[in-house]
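Survey of secondary and tertiary structure
One letter stands for each residue in the lines below.
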Amino acid sequence: MSLAESLPEHRALIVVDVQPTFCEGGELATEGANEIAHRVAAYVAAHRDRYTTVVTTQDWHIDPGEHFSETPDFVDSWPRHGVAGSPGAELHPALADLVFDAKLLKGQYSHGYSGFDGADEHGRSLETVLSEAGVTAVDVVGLVQSHCVKHTALDARRTGLHARVLTDLTIPVSEEQGLVAEKELVAAGVDLRDSSAL
């Protein structure tokens, strides 16, 4: 075994926007999202030791401008969701008993699609949190695959990290948008894996 093979991998798990606002009954719900929340929670509980660090992101909108609209086009504008301080913006109850190394809030005054747009309670960006932990690779899971999961994984690649999206731990808004997202991710060098194959 080479020295490189014997060194532990510094991989982070990024849990993106697993919030009630995106689950059934929420303001911007995707069918099947609640099940994904429970799957993500079970995965974190079972496989925490695979990761150097585990972080969450949350939409935490205060005044995101044209991101909110009374007549949304569901491309650049959306119904109100993830409003800072509201129950829907909190982490999903399925995650309540889990411990995370950092929690990043995003989208306060912008759309905030990517976890890399957010900051933790100390003002650290996601890039800084990962860099300080020596992370070189990330797994991305959560809500939803066609939007914030996709943008987070793409930004991970842009910062030079190896990135995987765990496809059984996320869900797109629609099958069509999911296929488009998968093409973008693969083209950017993001690996798409089922967590059972890791």
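Scroll up to find the structure.
Time to look at the overall build of the protein. Across its full length, the protein holds 5 helices and 6 strands. When the helices and strands of the protein are placed in sequence order, the string is α-β-α-β-β-α-β-α-β-α-β. A compact globule built from 198 residues would reach a C-alpha radius of gyration of about 16 Å, and the protein, at 16 Å, matches this within 12%. Here the C-alpha coordinates of the protein stretch approximately 60 × 35 × 30 Å along the principal axes. The burial tally for the protein puts 48% of its 198 residues in the buried class. Residue pairs at least 24 apart in sequence account for 74% of intrachain contacts in the protein once pairs closer than 6 positions are excluded. Positive and negative side-chain charges of the protein, numbering 14 and 31 respectively, have mean locations separated by a distance of 6 Å.

Packed helix pairs are specified by the crossing angle of their axes together with the interaxial distance, meaning the distance between the axes. Relative orientation of the contacting elements helix H4 (residues 145-158) and helix H5 (residues 175-187) amounts to 5°, with a least axis distance of 10 Å. In terms of orientation, H4 and H5 fall into the roughly parallel class. Along the contact surface, H4 presents Gln 145, Ser 146, His 147, Lys 150, Ala 153 and Leu 154, while H5 presents Gln 177, Gly 178, Ala 181, Glu 182, Glu 184 and Leu 185. Partitioned by chemical class, the residues of the contact of H4 with H5 number 4 nonpolar, 5 polar and 3 charged.

The next thing to look at is the packing of aromatic side chains. Scanning the entire structure with this criterion turns up 2 aromatic pairs. Measuring from ring centre to ring centre gives 5.9 Å for Phe 74 and Trp 78, while their planes differ by 90°; the resulting arrangement is edge-to-face. Look at Phe 74 and you get partly exposed, because its relative accessible area is 44%. Judged by relative accessible area, which is 7%, Trp 78 ranks as buried.

Further remarks concern the nonpolar core. One finds Val 15, Leu 95, Leu 130 and Val 138 to be the most contacted residues of the largest nonpolar core, which totals 50 residues. Among the secondary structure elements, those contributing two or more residues to this core are strand S1 (11-16), helix H2 (33-47), strand S2 (53-59), strand S3 (102-106), helix H3 (126-132), strand S4 (137-143), H4 and strand S5 (162-171). Filtering out sequence-adjacent residues up to four positions away, Val 138 remains in contact with Arg 11, Ala 12, Ile 14, Leu 130, Ala 156, Leu 161, His 162, Ala 163 and Arg 164.

Time to look at the environment of Lys 150. With respect to the helices, strands and loops of the structure, Lys 150 is situated in helix H4. The class for Lys 150 is buried, based on a relative accessible area of 9%. With 28 residues separating them along the chain, Lys 150 and His 122 place their C-alpha atoms 25 Å apart. Sequence-distant contacts of Lys 150, that is, excluding residues within four places in its chain, are made with Val 144, Gln 145, Ala 181, Glu 184 and Leu 185.

When the terminal C-alpha atoms of H2 are compared, their 21 Å separation across 15 residues agrees well with the 21 Å that a helix rising 1.5 Å per residue should span. Those residues of H2 lying buried are Ala 33, Ile 36, Ala 37, Val 40, Ala 41, Tyr 43 and Val 44. Buried positions in H2, seen along its axis, are confined to an arc of 165° and lie on one side of it. For H2, the exposed residues lying more than 90 degrees away from the buried face are Ala 45 and Ala 46.

Pairing is parallel in the open sheet, where 6 strands are placed in the order S3-S2-S1-S4-S5-S6. The open sheet has two edge strands, S3 and strand S6 (191-193), and neither has a second partner. Mean inter-strand twist for the sheet, computed between neighbouring axes without regard to direction, equals 25°. Pairing geometry for S2 and S3, over 5 bridges, is parallel. Residue Thr 57 lies in a different strand from S3, and its bridge partner there is Leu 104.

This part takes up the environment of Ala 197. Mapping Ala 197 onto the fold places it in the segment after S6. Here Ala 197 falls in the exposed class, since its relative accessible area comes to 59%.

The rules behind the values
- Residues numbered from 1 in each chain as written.
- Predicted model: local features only at pLDDT ≥ 70, side-chain atom pairs only at ≥ 80, totals over all residues.
- Heavy atoms only, no water.
- Helix = DSSP H or I, 4+ residues; strand = E, 2+ residues; numbered from the N terminus.
- Rg over C-alpha atoms; globule rule 2.2 N^0.38 Å.
- Buried < 20%, exposed > 50% of the residue type's maximum accessible area, 1.4 Å probe, protein only.
- Contact = heavy atoms within 4.5 Å.
- Lys, Arg positive; Asp, Glu negative; His and termini not counted.
- Charge placed at Lys NZ, Arg CZ, Asp CG, Glu CD.
- Axes fitted to C-alpha atoms, helices over the stretch in contact; angles between N-to-C directions.
- Parallel < 35°, antiparallel > 145°, perpendicular 65-115°, else oblique.
- Nonpolar A, V, L, I, M, F, W, Y, C, P; charged D, E, K, R; others polar.
- Phe/Tyr/Trp six-rings, centres within 6.5 Å; stacked < 30°, edge-to-face > 60°.
- Core = buried A, V, L, I, M, F, W, Y, C linked by side-chain atoms within 4.5 Å.
- Expected span 1.5 Å × (residues − 1).
- Arc of directions from axis to C-beta.
- Pairing = 2+ DSSP bridges.

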